[in-house]
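Letter by letter, the chains look like this.
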Amino acid sequence: MLRPWAVQWITAVLVCRAVAQYSSDQCSWRGSGLSHESHRRDVEQVYLRCSQGSLEWLYPTGAIIVNLRPNIEPSSGHMSGLHVCIKPHPYSQGSHVYLEHAGDLRLLLADEDQAAVHCFSLAEGALFVEAIPQTDISRRITAFQYELVSSQGPGAHMYPSLHHGSVACKPCSDEEILMAVCTSDFAGSGVFRSVASGTNEHSPVVVTLSRLFRQKSGLFAWGGARGRSWSGRVNVPKQCGVHPGGDEYLLTGSVHFSEAWLGCAPRYKDFLELYISAQKAGTNPCQIDVN
């Protein structure tokens, strides 16, 4: 059931379809409420077509609808299980963020809730960003980053923002492990060094890698010729506790908002047996130097 004010907003959308604006690179959008200060009931359409980007709305007034339309063929199968995760900037304020689908609005992110990452299925609809009426909008900026995240990839069950606290700390299957070492944002072998303080949902774990098969965005720093290793931090869900020291593990995972999240992580000796066996059978999805 829509509230009266929501009906007015949705009606305004139909009236203002011609007001659509596109970001210059179709990945990020930056706009100002001052451009339609005299039309506070206007609803502006924004279209973003990339796998990641950002939105920055200066001096928010009225409302905008953010349509996330990635350049993926619906028939390709990649749309299934695709989620959108948004992370507000610490300075973001001045708006509520809703999910809008078929005229219904569901609160996703309140103005005062600017700390956590929030995820939703791409099929659930568009983002309806409503400015909170203010007498002074000069210091109000609504800003967040967004990413498209698959809930079906290897290790995706370990990313807590997709599962609202119900992370399944289960081992990956043999197929998932082989796929993870080839397709994850990072993959290497190493040990857990120490656990740092984190949030109620996850803990940052310091890791040292003796092998680095692949990485994205320079997550792990090379220790130099003497160190012969890479070091960095990986986020691990609280309920999937790790034990520093001891065995060497294959460490794979994903990068979300410039932070590494652990995915499939079997003991390295077990992975090595699996990889060599798959290599002999000719079923390895990729080739890596495991020595």
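Every chain is numbered on its own, with residues counted from 1 as its sequence reads. Reporting of local features is limited, given that this is a predicted model, to residues whose pLDDT is at least 70; pairs of side-chain atoms are given and counted only at 80 or more, and all residues count toward the totals for whole chains, interfaces and linings. Hydrogen atoms and water are omitted, and side-chain values are computed over all heavy atoms in the structure.

Within an unreviewed UniProt entry, the label attached to the chain reads Meteorin-like protein, and the organism entered is Amphiprion percula. The UniProt entry for the chain carries the following text under Subcellular location (unreviewed entry): "Secreted". UniProt positions are given in the numbering used here, feature names are shortened, and annotations may be inferred rather than shown by experiment. UniProt's Sequence similarities (unreviewed entry) comment on the chain is quoted here verbatim: "Belongs to the meteorin family."

1. Regarding the packing of aromatic side chains
Here the aromatic set is Phe, Tyr and Trp, taking the six-membered ring for Trp, and pairing holds for ring centres within 6.5 Å; pairs whose planes are under 30 degrees apart are stacked, those over 60 apart are edge-to-face, and all others are tilted. Per the stated rule, a full pass over the model turns up 7 aromatic pairs. The interplanar angle of 65° and the centroid separation of 6.3 Å between the aromatic rings of Tyr 98 and Phe 128 together place this pair among those described as edge-to-face. Separated by 30 residues along the polypeptide, Tyr 98 in strand S7 (residues 95–101) and Phe 128 in strand S10 (residues 126–131) bring together distant segments of the chain. The residues Tyr 98 and Phe 128 share a single accessibility class, namely buried. Between Phe 271 and Tyr 275, the aromatic rings sit 5.7 Å apart at their centres with planes inclined by 45°, giving tilted as the arrangement. Highlighted residues: Phe 271 and Tyr 275, both in helix H4 (residues 268–281), separated by 4 residues, approximately one helical turn. Of the aromatic side chains, those joined through ring pairs into one cluster are Tyr 268, Phe 271 and Tyr 275. Here a strand is any run of E in DSSP of at least two residues, a helix any run of H or I of at least four, and the numbering for each starts at the N terminus. For every residue, the accessible area (1.4 Å probe, protein chains only) is compared with the maximum for its type, and the residue is labelled buried under 20%, exposed over 50%, or partly exposed between those bounds.

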